[in-house]
Amino acid sequence: MKMKLLITLVAFLGFILMLSPRAKAQHISCGDLHSLFLCDNNTPMACGWNVDGELGDGDTITKFSPAQVSVLIGVKAVAAAFIHSLFLKNDGTVWGCGNNDNGQLSTAFSYGAPFPIQLNAFAGVTAIATGYNHSLFLKNDSTVWACGYNGDGELGDGTKGGWKTIPERVGNLTGIVSVAVGYDHSLFVKSDGTVWACGSNIGGQLGDGSFTERDSPVQVSSLTGIKTVAAGGYCSFFIKNNGDVWACGEDGARLGIGPVAGTTTPVHVNSLNGIKAIATGLTFFGGHTLFLKNDGTVWACGSNLYGQLGDGTTTDQFYPVQDSSLTGISEVATGDYHSLFFKSDDGSVWACGRNDFGQLGDGTTTQRNTPVQVTGLCINSSVEKKIILNSVSVYPNPSNNAITFTSSLDANSIEIADITGRLVGTYSIFDKNLNIQTSTFNQGMYMYTILNSKKEVMNRGKFEVAR
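Below is a short write-up of the structure.

## Re the overall build of the protein
- Check the secondary structure of the protein and you find three helices and 35 strands.
- Computed over its C-alpha atoms, the radius of gyration of the protein comes to 22 Å, within 12% of the 23 Å expected for a compact globule of 467 residues.
- Once the C-alpha set of the protein is aligned to its principal axes, its extents read approximately 70 × 45 × 35 Å.
- Taking the contacts inside the protein whose residues are at least 6 apart along the sequence as the reference set, 50% of them involve residues at least 24 apart.
- Of the accessible surface of the protein, which amounts to about 17,700 Å², a share of 53% is contributed by carbon and sulfur atoms.

## Brief notes about the pairing of strand E11 (residues 144-149)
- Sheet analysis places strand E10 (residues 134-139) next to E11, joined by five bridges and oriented antiparallel. Pairing of Leu138 across the sheet is with Val144, part of E11.
- Linking two consecutive strands that pair antiparallel, namely E10 and E11, is a turn of four residues; a positive phi of about 70° is found at Ser142 within it.
- In the sheet, E11 pairs with strand E12 (residues 163-169) via four bridges, with the strands oriented antiparallel. What sits directly across from Tyr149, in E12, is Trp163.

## As for the environment of Val424
- With respect to the secondary-structure elements, Val424 resides in strand E32 (residues 423-428).
- Separated by 24 residues in sequence, Val424 and Tyr448 have C-alpha atoms that sit 10 Å apart.
- Discounting residues that sit within four places of it in the chain, Val424 has contacts with Ile416, Ala417, Asp418, Phe441 and Tyr446.

## Quick word on the state of the cysteines
- Counting across every chain of the model gives one disulfide.
- Each sulfur in the disulfide pair Cys39 and Cys378 lies 2.1 Å from the other. Note on the Cys39 and Cys378 pair: the S-S dihedral is about -95°, so by sign convention the disulfide is left-handed. With Cys39 in strand E2 (residues 34-39) and Cys378 in the loop between strand E28 (368-373) and helix H3 (380-389), this residue pair connects regions lying 339 residues apart in the sequence.
- No disulfide involves Cys47; its nearest neighbouring cysteine sulfur is the one of Cys30, lying 8.8 Å away.
- What makes Cys47 buried here is its relative accessible area of 0%.

## Digging into unusual backbone geometry
- Omega for the bond connecting Tyr395 with Pro396 falls within 30 degrees of zero, at -15°, which places this linkage in the cis form.
- One non-glycine residue, Ser142, lies in positive phi territory at about 70°.

## What to know about the side chain of Thr404
- Note on placement: Thr404 falls in strand E30 (residues 402-407).
- Polar contacts involving the side chain of Thr404 include one to the side chain of Asn435, which spans 3.1 Å.
- Aside from chain neighbours lying at most four places away, what touches Thr404 is Ser393, Val394, Tyr395, Leu434 and Asn435.

## Re the sheet that holds E28
- The four strands are arranged E25-E26-E27-E28 in an open sheet whose pairing can be described as antiparallel. The open sheet terminates on both sides in strands that have one partner only, identified here as strand E25 (329-334) and E28. For this sheet the average axis-to-axis angle between neighbouring strands, irrespective of direction, equals 20°.
- Here strand E26 (residues 338-343) pairs with strand E27 (residues 349-353) via five bridges, running antiparallel. If you follow Leu340 over to E27, its bridge partner there is Ala351.

## Observations regarding the sheet that holds E30
- Taken in spatial order, the three strands make up an open sheet running E29-E30-E33, and their pairing is antiparallel. Looking at the sheet topology across the chains shown, the edges are occupied by strand E29 (392-395) and strand E33 (433-437). Adjacent strand axes in the sheet meet at a mean angle of 15°, parallel and antiparallel pairs treated alike.
- By the bridge criterion, four bridges tie E29 to E30 in an arrangement that is antiparallel. Looking at E30, one finds that Val392 is bridged to Ser407.

Rules used in this analysis
Residues numbered from 1 in each chain as written. Predicted model: local features only at pLDDT ≥ 70, side-chain atom pairs only at ≥ 80, totals over all residues. Heavy atoms only, no water. Helix = DSSP H or I, 4+ residues; strand = E, 2+ residues; numbered from the N terminus. Rg over C-alpha atoms; globule rule 2.2 N^0.38 Å. Contact = heavy atoms within 4.5 Å. Areas by Shrake-Rupley, 256 points an atom, 1.4 Å probe, with all protein chains shown as cover. Pairing = 2+ DSSP bridges. Disulfide = S-S within 2.5 Å. Buried < 20%, exposed > 50% of the residue type's maximum accessible area, 1.4 Å probe, protein only. Polar contact = N/O pair within 3.5 Å; in protein donor to acceptor, adjacent residues only side chain to side chain. Axes fitted to C-alpha atoms, helices over the stretch in contact; angles between N-to-C directions.

What follows is the structure, encoded as structure tokens:
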């Protein structure tokens, strides 16, 4: 009884917190056709394409407005990839959802997960980055680890081909302070201001003066004093401590250096200064780039087919142009053909570009040539889902030999999966109380999903089996 009262009290307090109108965004990230948002109460939300479960809300239905990512709380960073998503928690663990065809969720199961699962016993992580189908993890000892596809050596472990489901250390790199992931290459910034790179080099994106792919990190030519990097489809960007930008790779328009094919060594983007962040998408054809200045203005170049540059037109730009409608911006993110802009002063997020799958989060599928505000972010959707979650009690939790679910929902069944996403059992519900024997379960964390007779998700959460 005490356990039930405690769970009910915690749920009620969580409900009150979710009602707070002060909740707002604090970070953003773009995948190919989906978008991630991190609220300042450390809960993530998502919208857009969801066929592979990359939104992490438990189903595979596309969302045109932000929906709360299931189960997760205490998240401090989000990273959206092509069709999967990663979440870094305050405790240094990493969770992921969506496609896992190449082990990018660090599990051996070939199928993905429609709700976040914890990546393979991995902790002590301080930063995450993810690309088309591989993922990087910067640990608190300044080493880097990687998993996922390795066909071009992008994992940097000295091998090439296939994929890795268990994160492996990237070469002998130490003193790493920042990482970035492109379509199929990886960048690493060391504390001495040098940059190292590995993976595909088909566009010269490794910046070593060649087109040779590398399965171990090589130093990017002639660069020092670098504070941060950005990577995309066959391109790389480097920001110096003084705010100058250097770039290499394919497509001069995307690099911001004019109507040229590209460059295999970094060149100075001489039309820019005072840059503090860069975002560029994973597409390797017709990509675009956003440059965020210290004064909060945004400049953009490259393809503008869907209005993703936000300048009110669909005209491509060979050199960076200012988006005059945006000021006070503190963070930018790009998908293949859409863009997100975050204002820290009011916590609002703005979006433009392609929107046929709701990736702009404005409740429509209308293409936008100028930025529109993302709607229902960090308040309404979270409140609605929290009310549903409050209608279930799970006890004792942790469990030893048995666990009981008590619910007022008109539920039909409960599915239970382990931390890797593997289904371990489906149980029919005949009354408001369901007792499940857990004596045969392995010790660890489990996820439950409560379904109605139409197999629609009514509730989900987690419980622990301890011995």
